[in-house]
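Each chain, letter by letter, is given below.
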Amino acid sequence: MLSNCVRYTVCRFSDVHGLEKPNDYRCISLMSRCAGEVMNEFNDVILAYGQSDEYSFILRPSCTLFGRRATKLATCMASFFASSFVFHWATYFKNVELQYPVAFDGRAVCYPTSTNLRDYLSWRQADCHINNLYNTSFWALVKKGMTGKEAESKLCGTVSSDKNEILFTECQINYSKEPEVARKGTTLVWEEVIEEVPIRAPNNSDPSTEPTDSNSGSSDGASTGVAVKEKQQAVTRRKRKQVVELHCDIIGDGFWQERSSLLDP
């Protein structure tokens, strides 16, 4: 038993809240924020992948959280994701009031091998590309004046190369230059970072240590002040792990070769 995958999707509410088409980057950022909150709360999550209205969470193979009960994992993580969505909504949608509670559905699946797991994530990223290319083409045509039915009819039966050509010749859009977050989705992983932490200077305010000579030179006092200031500004570096957001290819081998520990049993 290699890994569990817990996946969530949000109910459709884009029209009610006036989300931008084809991609509302406020909502994309909010979803990624919520996924990061889930990873920080449930440390057994080693990777998350999100696109459109869904997020998938990969649990380490040795995870024993909630006794590995699928229903417990899915419900607890889904409720935490949903509460994070509501909690952080105003940060990303400052002038848009949330009109009703947001609901997420979730399911837990156990993948027996690393190959199965990679196949699943590759499928989700391929789905991201297919859906985003279609949506980008559809809304570009609508914004040029077509009705929804006309745009749908024009795209019916087209393949990726056709849509790229339509975007480039009719809408002046080079799809390969669209934001990677839209074309590839968002991958969250734990990575080691080095942070600088201020070193607090010791408090030497004990009166017994203060100089008593009133004729002591002012230059000595100034140099002492500089030294204290330098001490107060001193920092030390330390390593810690934090959730890092990536917009990269996870279908090829490169991502997994750089992070081989993700597939460790």
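Look up a bit, the structure's there.
What you are looking at is a predicted structure, and each value in this text was computed from that prediction instead of being measured. (Residues numbered from 1 in each chain as written. Predicted model: local features only at pLDDT ≥ 70, side-chain atom pairs only at ≥ 80, totals over all residues. Heavy atoms only, no water.)

Chemist: Where do I start with the pattern of salt bridges in this structure?
Modeler: Note on pairing: side chains with opposite charge can pair once their charged atoms come close. Counted under the stated rule, the structure contains 16 salt bridges. Of the charged contacts in the structure, one is a salt bridge between Lys239 and Glu192, with a shortest N-O distance of 4.0 Å. With Lys239 in strand 6 (residues 235-246) and Glu192 in strand 5 (residues 186-198), this residue pair connects regions lying 47 residues apart in the sequence. Relative accessible area serves as the criterion here: at 52%, Glu192 is assigned to the exposed category. Taken together, the shared-partner salt bridges in this structure form one network comprising Glu54, Arg124 and Asp127. (Salt bridge = Lys/Arg side-chain N within 4 Å of Asp/Glu carboxyl O. Helix = DSSP H or I, 4+ residues; strand = E, 2+ residues; numbered from the N terminus. Buried < 20%, exposed > 50% of the residue type's maximum accessible area, 1.4 Å probe, protein only.)

Chemist: Sorry, what's going on with the pairing of strand 3 (residues 54-59) here?
Modeler: Along any regular strand the residues' side chains alternate between the sheet's two faces. Burial analysis of strand 3 places 6 of its 6 residues in the buried class, which makes it a mostly covered element. Where burial is concerned, the two faces of strand 3 agree: the one with Glu54, Ser56 and Ile58 and the one with Tyr55, Phe57 and Leu59 are both buried. Where strand 2 (residues 45-51) lies against strand 3, 6 bridges are found, and the strand directions are antiparallel. Looking across to strand 3, one finds that Val45 is bridged to Leu59. (Pairing = 2+ DSSP bridges.)

Chemist: How should I be thinking about the packing of aromatic side chains in this particular structure?
Modeler: Given two aromatic rings, one states the distance between the centres and the angle between the planes to describe the pair. This structure, assessed with the given rule, holds 17 aromatic pairs. Plain terms: the ring middles of Phe81 and Phe104 are 4.8 Å apart, the flat faces sit at 65 degrees to each other, and that makes the pair edge-to-face. Here Phe81, found in helix 2 (residues 70-92), pairs with Phe104, found in strand 4 (residues 104-111); they are 23 residues apart in sequence, far enough to count as distant. Accessibility assignment for this pair places Phe81 and Phe104 in one class, buried. Ring centres 5.8 Å apart and planes at 70 degrees place the aromatic pair Tyr120 and Trp123 in the edge-to-face group. (Phe/Tyr/Trp six-rings, centres within 6.5 Å; stacked < 30°, edge-to-face > 60°.)

Chemist: Whenever I open this one, helix 2 confuses me. Can you help?
Modeler: In an α-helix, one full turn covers 3.6 residues, which means residues spaced three or four apart are oriented alike. With 23 residues, helix 2 should reach 33 Å at 1.5 Å per residue; the first-to-last C-alpha distance of 32 Å fits that figure. Largest kink in helix 2: about 35 degrees, centred on Val86. Residues of helix 2 that are buried include every one of Leu73, Ala74, Met77, Ala78, Phe81, Ala82, Ser84, Phe85, His88 and Trp89, and no others. (Expected span 1.5 Å × (residues − 1). Bend = angle between axes of the 7 residues up to and from the residue.)

Chemist: What should I look at first to understand unusual backbone geometry in this one?
Modeler: Excluding glycine, most residues fall at negative phi; most peptide bonds, likewise, are trans. Cis geometry marks the peptide bond from Lys21 to Pro22; its omega dihedral reads 5 degrees. Mapped onto the elements of the fold, Pro22 is located in the loop between strand 1 (3-10) and helix 1 (25-41). In this structure, Arg68 takes a positive phi of about 60 degrees despite not being glycine. Counting through the fold element by element, Arg68 comes out in the loop between strand 3 and helix 2. On the basis of relative accessible area, Arg68 is assigned to the partly exposed category, the value being 24%. At Gln172, a residue that is not glycine, the phi angle is positive and equals roughly 55 degrees. Following the sequence through the fold, Gln172 ends up in the loop between helix 5 (160-170) and helix 6 (180-184). On the basis of relative accessibility, which here comes to 60%, the residue Gln172 falls in the exposed class.

Chemist: How should the nonpolar core be read in this particular structure?
Modeler: If you look at soluble globular proteins, the nonpolar side chains tend to sit buried side by side. If you look at the biggest cluster of nonpolar residues, it comprises 26 residues, and the most contacted ones within it are Val45, Tyr55, Phe57, Phe81, Phe85 and Phe104. For this core, the secondary structure elements donating two or more residues are helix 1, strand 2, strand 3 and helix 2. The element best represented in this core is helix 1, accounting for 7 residues. In terms of nonpolar packing, the next biggest core, distinct from the first, is built from 16 residues, Ile58, Tyr120, Leu246 and Phe255 among them. (Core = buried A, V, L, I, M, F, W, Y, C linked by side-chain atoms within 4.5 Å.)

Chemist: Is there a simple way to think about the state of the cysteines in this case?
Modeler: By definition, a disulfide links the sulfur atoms of two cysteines through a covalent bond. The full count for this structure, using the stated rule, is 0 disulfides. No disulfide involves Cys27; its sulfur sits 8.8 Å from the nearest other cysteine sulfur, which is in Cys34. (Disulfide = S-S within 2.5 Å.)

Chemist: Would you explain the environment of Ile199 in this entry?
Modeler: Within the secondary structure layout, Ile199 lies in the loop between strand 5 and helix 7 (218-233). By relative accessible area, which is 38% here, Ile199 ends up partly exposed. With 36 residues separating them in the primary sequence, Ile199 and Val235 have C-alpha atoms 5.0 Å apart.

Chemist: Any chance you could explain the side chain of Asn23 here in plain terms?
Modeler: Within the fold, Asn23 resides in the loop between strand 1 and helix 1. By relative accessible area, Asn23 is classed as buried at 18%. There is a polar contact of 2.9 Å between the side chain of Asn23 and the side chain of Asn132. (Polar contact = N/O pair within 3.5 Å; in protein donor to acceptor, adjacent residues only side chain to side chain.)

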